[in-house]
Amino acid sequence: YNASIASAAVEAQRFVPPWKEGRMTWIKPSFVWMGYRCGWTRKDASQSRVLAIDLHRASFDKLLLDAVLASAQQGERSDRDDSGASAAIVVQWDPERALGGDSGRHAFTHP
């Protein structure tokens, strides 16, 4: 998140404006993969803060049940999305990552 969204969320202990409900938000269960995807918070100002959130398992399961696979959004057939319309929740499966390399900060896919 950018600094203003992250600061407001930390202060309120929940998402509040300037965060917008309709914005794309990534939930990544892997710390390493999240760090890698946001360039370790150095990629750009819009990704300068990473927030750890507590999400009850039942809530996470509900999100998954309501989601469609990212491949369905790209026109591939999915048993969860017969309409072809954009879904509010999209699941994109990413491989698990680990740290390594000379600096110890390079993410790589587990074999």
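Cut-offs applied
Per chain, residues are indexed from 1 in the order of the written sequence. Reporting of local features is limited, given that this is a predicted model, to residues whose pLDDT is at least 70; pairs of side-chain atoms are given and counted only at 80 or more, and all residues count toward the totals for whole chains, interfaces and linings. Remark: hydrogens and water are excluded; side-chain values derive from all non-hydrogen atoms of the structure. What counts as a helix is a DSSP run of H or I of at least four residues, what counts as a strand is a run of E of at least two, and both are numbered from the N terminus. Exposed residues in this analysis have more than 50% of their type's maximum accessible area, buried residues have under 20%, and partly exposed residues fall in between, with area computed by a 1.4 Å probe over protein chains only. What makes two residues a contact is simply this: any of their non-hydrogen atoms within 4.5 Å. Computed by Shrake-Rupley with a 1.4 Å probe, the accessible areas treat only the displayed protein chains as cover when residues are assessed. One side-chain nitrogen of Lys or Arg within 4 Å of one carboxyl oxygen of Asp or Glu is enough to make a salt bridge. The quantity known as pLDDT measures the predictor's confidence residue by residue, on a range of 0 to 100. The aromatic pairing rule takes the rings of Phe, Tyr and Trp, using the six-membered ring of Trp, and pairs them if the centres are within 6.5 Å, calling planes under 30 degrees apart stacked, those over 60 edge-to-face and the rest tilted.

Observations concerning the overall build of the chain
Piece 1. The helix and strand inventory of the chain stands at four helices and four strands.
Piece 2. Tracing the chain from N to C terminus, the helices and strands come up as α-α-α-β-α-β-β-β.
Piece 3. Every one of the 111 residues in the chain was classed for burial, and the buried ones make up 23%.
Piece 4. Pairs at least 24 residues apart make up 39% of the contacts formed inside the chain by residues separated by at least 6 positions.
Piece 5. Carbon and sulfur atoms make up 53% of the accessible area of the chain, which amounts to about 8,400 Å² in all.

Notes on the pattern of salt bridges
Piece 1. Enumeration according to the criterion identifies two salt bridges in this entry.
Piece 2. Across the salt bridge formed by Asp61 and Arg57, the nearest N and O atoms sit 2.8 Å from each other. In this pair, Asp61 and Arg57 are both assigned in helix 3 (residues 57–66), four residues apart and thus about one turn of the helix distant.
Piece 3. Accessibility expressed as a relative area gives 30% for Asp61, which makes it partly exposed.
Piece 4. Among the residues examined, Arg57 registers a relative accessible area of 61% and is labelled exposed.
Piece 5. Lys62 is the salt-bridge partner of Asp66, the closest N and O atoms lying 2.5 Å from each other. In this pair, Asp66 and Lys62 both sit in helix 3, four residues apart, roughly one turn of the helix.
Piece 6. Here Asp66 falls in the partly exposed class, since its relative accessible area comes to 41%.
Piece 7. For Lys62, a relative accessible area of 47% puts it in the partly exposed group.

Concerning the confidence of the model for the chain
Piece 1. In this model, the chain carries a mean pLDDT of 80, and residues with pLDDT of at least 70 account for 77%.
Piece 2. No element of the chain has a lower mean pLDDT than strand 4 (residues 106–109), which averages 66, and none a higher one than helix 1 (residues 3–12), which averages 96.
Piece 3. Counting contacts from residues 77–81, a segment whose pLDDT is below 50, to residues more than four positions away or on other chains yields nine contacts.

Some details on the packing of aromatic side chains
Piece 1. As enumerated under the stated definition, the model contains two aromatic pairs in all.
Piece 2. Geometrically, the ring pair formed by Tyr1 and Phe15 is tilted, given 5.5 Å between the ring centres and 45° between the ring planes. Here the residue Tyr1 occupies a position in the segment before helix 1, and Phe15 occupies one in the loop between helix 1 and helix 2 (31–37), the gap between them amounting to 14 residues.
Piece 3. Residue class for Phe15 comes out partly exposed when judged on its relative accessible area of 27%.
Piece 4. Three or more aromatic residues link up through ring pairs in this structure, and these residues are Tyr1, Phe15 and Trp19.

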